[in-house]
Amino acid sequence: MTPVHGGDPDLITRGGLAGYRGLVRPVLFRLGGGDPEVAHERMIRMLARTPAPFTRMMRGYTAAASHPVTVAGIRLPNRVGIAAGLDKDGLAARAWAGLGVGHVELGTVTPRPQPGNDRPRLFRLPASAAIINRMGFNNEGVEAMARRLEGWGVRRGRLSLGAVVGVSIGKNRTTPLDRASEDYLACLRRLQGLADYVAINVSSPNTPGLRSLQDADALRGLTAALVGEARTLNPADPTPVFVKVAPDLGPDALEDLVGAVHDTGVAGLIATNTTLAREGLDQDDRSRADEAGGLSGAPLTARALRVVGRLAGLSDLPIIGVGGIMTPADAVAMFDAGASLVQVYTGFIYAGPALVRGINRLAPHDEEDR
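Right, let's walk through the structure included here.

Rules behind the numbers
Residues numbered from 1 in each chain as written. Predicted model: local features only at pLDDT ≥ 70, side-chain atom pairs only at ≥ 80, totals over all residues. Heavy atoms only, no water. Helix = DSSP H or I, 4+ residues; strand = E, 2+ residues; numbered from the N terminus. Rg over C-alpha atoms; globule rule 2.2 N^0.38 Å. Buried < 20%, exposed > 50% of the residue type's maximum accessible area, 1.4 Å probe, protein only. Contact = heavy atoms within 4.5 Å. Core = buried A, V, L, I, M, F, W, Y, C linked by side-chain atoms within 4.5 Å. Pairing = 2+ DSSP bridges. Axes fitted to C-alpha atoms, helices over the stretch in contact; angles between N-to-C directions. Polar contact = N/O pair within 3.5 Å; in protein donor to acceptor, adjacent residues only side chain to side chain. Parallel < 35°, antiparallel > 145°, perpendicular 65-115°, else oblique. Left-handed = near helix turned anticlockwise from the far one by under 90°. Nonpolar A, V, L, I, M, F, W, Y, C, P; charged D, E, K, R; others polar.

Structural notes on the overall build of the chain
Alright, step 1. Counting its regular elements, the chain contains 11 helices and 13 strands.
Alright, step 2. Taking 370 residues into account, the globule formula puts the C-alpha radius of gyration at 21 Å, and the chain, at 19 Å, falls close to it.
Alright, step 3. Expressed along its principal axes, the backbone C-alpha trace of the chain runs to roughly 50 × 45 × 40 Å.
Alright, step 4. Counting every position in the chain, which comprises 370 residues, the buried fraction comes to 58%.
Alright, step 5. Pairs at least 24 apart in sequence give 75% of the contacts found in the chain among residues at least 6 apart.

Structural data, given as structure tokens:
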């Protein structure tokens, strides 16, 4: 991929960013009486009810300068996506393409519905442009998501919703770690023919013990089982399997992880999940530093970028860069570090749809097939 180098966002993007921050974001943040989770739920419901003509109109703005790309055998309209966690149950799946993204990663879903951790479990840190969450894989279960996608006529490879649909899969909290593969396999089987790819979430800090599945031996067994099952389900064209990586792994652990996934044939890596570190918080947000959970947003930018750079140096697997992409320039840095695609979540919350437009304009325009 040809490296790219950032420039200033165009006038329309700058106006969109300023308008969202000055007018729209204050209203959204007041939804639900200021409770971030209630506001998030209402935002997703509003997107779910957005009329199709409006989403098509929005796409003309947010997808400016989009260029198709092929990564891990998947044809995408552009290089920008929505990260897992923003739309856990796929309620707004039909709206995301209208916001200019080339893919959306739904979930994380588990085989059985689960309520997640106790509330409050989502905290905004506005001075730091950050979020702390300890959601705990709250979701309606993979069956509910699969039926929703089937009802909309979603099929793998068809861009039925205008964007590639990936699904992040995980294990239920009550499933013992030594039986975790059963949960991941159950999700993979139910999503067969629906998801364009699946992402193995073994890096969330909010399910006890989950990150131990990143250890080389455990990850080798888990990915071998999933890649093997994908090949059994569709020998001619198996569903690509990605692995999502924590930002808190050291160089040796990253090297071991890459060795494990190379052995089993995963399609790519997603870097990174949220961090347990609390570096980079503004003084005004220090009162939140002791909240349990994963930190995302601007304090994660440098850490996620370092992990992407290390992974790119260790492997030729395609990398989806995610974590702390708050500006178009942050995305450019991810591409320059070796990411083939990028995803946004916290940056989207703080900057709005103009962020997607800005990234699309600065993203590499050459095709890639890795």
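Comments concerning the nonpolar core
Alright, step 1. Counting residues in hydrophobic clusters, the biggest one holds 87 residues, and the most contacted among them are W96, I169, Y184, L269 and I359.
Alright, step 2. Setting aside residues no more than four positions away along its own chain, Y184 makes contact with I169, G170, K171, I200, N201, V202, L210, L213, L222 and L226.

A word on the sheet that holds strand β6 (residues 130-133)
Alright, step 1. Taken in spatial order, the 3 strands make up an open sheet running β5-β6-β11, and their pairing is antiparallel. The open sheet has two edge strands, β5 (122-125) and β11 (294-297), and neither has a second partner. Averaged over all neighbouring strand pairs, the angle between strand axes comes to 20°, with direction disregarded.
Alright, step 2. Judged from the 4 bridges that link them, β5 and β6 form a sheet pairing that is antiparallel. Note on β6: the bridge partner recorded for L125 is A130.

Regarding the sheet that holds strand β3 (residues 80-82)
Backbone-to-backbone hydrogen bonds pair the strands of a sheet. The strands run either parallel or antiparallel.
Alright, step 1. Pairing within the closed barrel is parallel, and its 8 strands lie in the order β3-β4-β7-β8-β9-β10-β12-β13. Neighbour to neighbour, the strand axes of the sheet diverge by 25° on average, direction disregarded.
Alright, step 2. With 4 bridges connecting them, strand β7 (residues 164-169) and strand β8 (residues 197-201) associate as parallel partners. Of the residues in β8, the one forming a bridge with V167 is V198.

Some details on the side chain of N139
Alright, step 1. With respect to the secondary-structure elements, N139 resides in the loop between β6 and α4 (142-151).
Alright, step 2. A polar atom in the side chain of N139 sits 2.8 Å from the backbone oxygen of F137.
Alright, step 3. Engagement of the side chain of N139 in a polar contact is seen with the backbone nitrogen of G141, the distance being 2.8 Å.
Alright, step 4. Apart from the residues lying within four places of it in its own chain, the contact partners of N139 are D89, T108, V109, T110, P113 and Q114.

Quick look at unusual backbone geometry
Alright, step 1. With omega at -5°, the peptide bond leading from R119 into P120 counts as cis.
Alright, step 2. Locating P120 in the fold gives a position in the loop between β4 (103-109) and β5.
Alright, step 3. Of note, F137 is a non-glycine position whose phi angle comes to about 55°, a positive value.
Alright, step 4. Of note in this structure, L159 is not a glycine but carries a positive phi near 50°.
Alright, step 5. Secondary-structure assignment places L159 in the loop between α4 and β7.
Alright, step 6. L159 gets classed as partly exposed once you look at its relative accessible area, which sits at 34%.

A look at the packing of helix α1 (residues 11-30) against helix α11 (residues 354-362)
Alright, step 1. Across the interface, α1 lies against α11 with an axial gap of 8 Å and an inter-helix angle of 155°. Classed by the angle they form, the pair α1 and α11 counts as roughly antiparallel. As α1 packs across α11, the resulting crossing turns out to be left-handed. Contacts from I12, T13, G16 and L17 of α1 reach α11 at A354, L355, R357, G358 and R361.
Alright, step 2. Here the residues of the contact of α1 with α11 sort into 4 nonpolar, 3 polar and 2 charged.

Examining the environment of L311
Alright, step 1. As for its placement among the helices and strands, L311 is situated in helix α8 (residues 301-314).
Alright, step 2. Assessed through its relative accessible area of 0%, L311 is described here as buried.
Alright, step 3. Taking the C-alpha atoms as reference, L311 lies 7.9 Å from E255; in sequence the two are 56 residues apart.
Alright, step 4. Residues contacting L311, with those up to four places away along its chain left out, are L254, V258, L269, A271 and I319.

Focus on the environment of G98
Alright, step 1. Looking at the secondary structure, you find G98 in the loop between β3 and β4.
Alright, step 2. In this structure the C-alpha to C-alpha distance between G98 and P205, which are 107 residues apart in sequence, comes to 31 Å.
Alright, step 3. Look past the residues within four positions of G98 in its chain and what remains in contact with it is T55, M58, R59 and T62.

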